[in-house]
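Structural features, examined
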Amino acid sequence: MLRSRKILTLVALLITLTLGLSGCGKISPTAPEVEELTTPSMAPAESGLPAGVLWPKMVVDNPTVFVEAQIFSDTKNIVDLQLPGKHQKFIIRKHAIEQDTTITIAITKYAYWDEQLGQHCYVAEFDFGPDGLEFRKRANLALDARWLGLEKGERAVLRYYNEDTGLWEEVTSKKVKKGKAVNFYIEHFSRYAISR
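Since we're looking at a predicted model, the values are computed, not measured. (Residues numbered from 1 in each chain as written. Predicted model: local features only at pLDDT ≥ 70, side-chain atom pairs only at ≥ 80, totals over all residues. Heavy atoms only, no water.)

Considering the overall build of the protein chain
When helices and strands are tallied, the protein chain shows three helices and 10 strands. Across the protein chain, helices and strands are ordered from the amino to the carboxyl terminus as α-α-α-β-β-β-β-β-β-β-β-β-β. A buried classification covers 34% of the 196 residues belonging to the protein chain. Of the contacts made within the protein chain by residues no fewer than 6 positions apart, 68% connect residues no fewer than 24 positions apart. Carbon and sulfur atoms provide 54% of the accessible area of the protein chain, an area that totals close to 12900 Å². (Helix = DSSP H or I, 4+ residues; strand = E, 2+ residues; numbered from the N terminus. Buried < 20%, exposed > 50% of the residue type's maximum accessible area, 1.4 Å probe, protein only. Contact = heavy atoms within 4.5 Å. Areas by Shrake-Rupley, 256 points an atom, 1.4 Å probe, with all protein chains shown as cover.)

Some remarks on the pattern of salt bridges
Under the definition given, this model contains four salt bridges. Residue Lys-109 is joined to Asp-61 by a salt bridge in which the shortest nitrogen-to-oxygen separation is 3.7 Å. Of this pair, Lys-109 sits in strand 4 (residues 101–114) while Asp-61 sits in strand 1 (residues 59–71), and the two are 48 residues apart along the sequence. Taking relative accessible area as the criterion, Lys-109 reaches 8% and is therefore assigned buried. Exposure remark for Asp-61: the relative accessible area of 32% places this residue in the partly exposed category. The residue Glu-125 makes a salt bridge to Arg-191 at a minimum N-O spacing of 2.7 Å. Highlighted residues: Glu-125 in strand 5 (residues 119–129) and Arg-191 in strand 10 (residues 191–195), separated in sequence by 66 residues. By relative accessible area, Glu-125 is classed as buried at 16%. Arg-191 gets classed as partly exposed once you look at its relative accessible area, which sits at 27%. (Salt bridge = Lys/Arg side-chain N within 4 Å of Asp/Glu carboxyl O.)

Considering a negative patch on the surface
Together, Asp-127, Asp-131, Glu-163 and Asp-164 make up a negatively charged patch on the protein surface. Topologically, Asp-164 is positioned in the loop between strand 7 (155–162) and strand 8 (167–175). You can call Asp-164 exposed: its relative accessible area is 76%. (Patch = residues over 30% accessible without salt bridge, like charges linked within 9 Å, V, L, I, M, F, W, Y side chains within 5 Å. Lys, Arg positive; Asp, Glu negative; His and termini not counted. Charge placed at Lys NZ, Arg CZ, Asp CG, Glu CD.)

Some thoughts on unusual backbone geometry
Note on backbone geometry: most residues besides glycine have negative phi, and most peptide bonds are trans. Along the chain, Gly-129 connects to Pro-130 via a cis peptide bond; the corresponding omega equals 5°. Its place among the elements puts Pro-130 in the loop between strand 5 and strand 6 (134–144). Backbone geometry places Lys-57, a non-glycine residue, at a positive phi of 55°. Tracing the backbone shows Lys-57 in the loop between helix 3 (51–54) and strand 1. With phi around 55°, Gln-82 is a residue other than glycine that occupies positive phi space.

Here's the deal with the confidence of the model for the protein chain
Taken as a whole, the protein chain shows an average pLDDT of 82; of its residues, 76% reach a score of 70 or greater. Counting contacts from residues 16–46, a segment whose pLDDT is below 50, to residues more than four positions away or on other chains yields seven contacts. (pLDDT = per-residue confidence, 0-100.)

Considering the sheet that holds strand 5
Taken in spatial order, the six strands make up an open sheet running 1-4-5-10-7-8, and their pairing is antiparallel. Each end of this open sheet is capped by a strand with a single partner; those strands are strand 1 and strand 8. Adjacent strand axes in the sheet meet at a mean angle of 20° when their direction is disregarded. Judged from the eight bridges that link them, strand 7 and strand 8 form a sheet pairing that is antiparallel. Paired with Asn-162 across the bridge in strand 8 is Leu-167. (Pairing = 2+ DSSP bridges. Axes fitted to C-alpha atoms, helices over the stretch in contact; angles between N-to-C directions.)

So, in structure tokens, the structure goes:
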């Protein structure tokens, strides 16, 4: 009697687990049709990745550097990014903006552990302002690849932060040349990051 009660309890538990895992009526041929269960999603796949996937366990490597500069529309503007190394500048070409304006750049460098490489790597985040400022001629962000821990032949990737999705989306990548700056061209201000 006690043994048959244990068996019944075990069978009831297995049935409950089976229904819970299979979704109850979702796969039943008599269940009402629900469009979201039978129609595949037409939404495009996400093209970006969250920061935690790209740069796991990020820690600040250097304090944030704040740069502010007056930009003139009728001349070429070269802004020193006040970072260690050579080639650290932001260039806005003549007539690239409609009117003179003040820009701000907040630069934070992070370190993270890359499992595949088995080493610490770096990502530099650039928060440009005023947000959304557009250029008639692309602006040039030039960085010393060594400051980012990149060697000749490695790739530096420029990503922007998509506020709508909360993901970092790749814009372009450049191959590092010996002793050269990594140059990226941007068409408008946003939040960008550069890493391997």
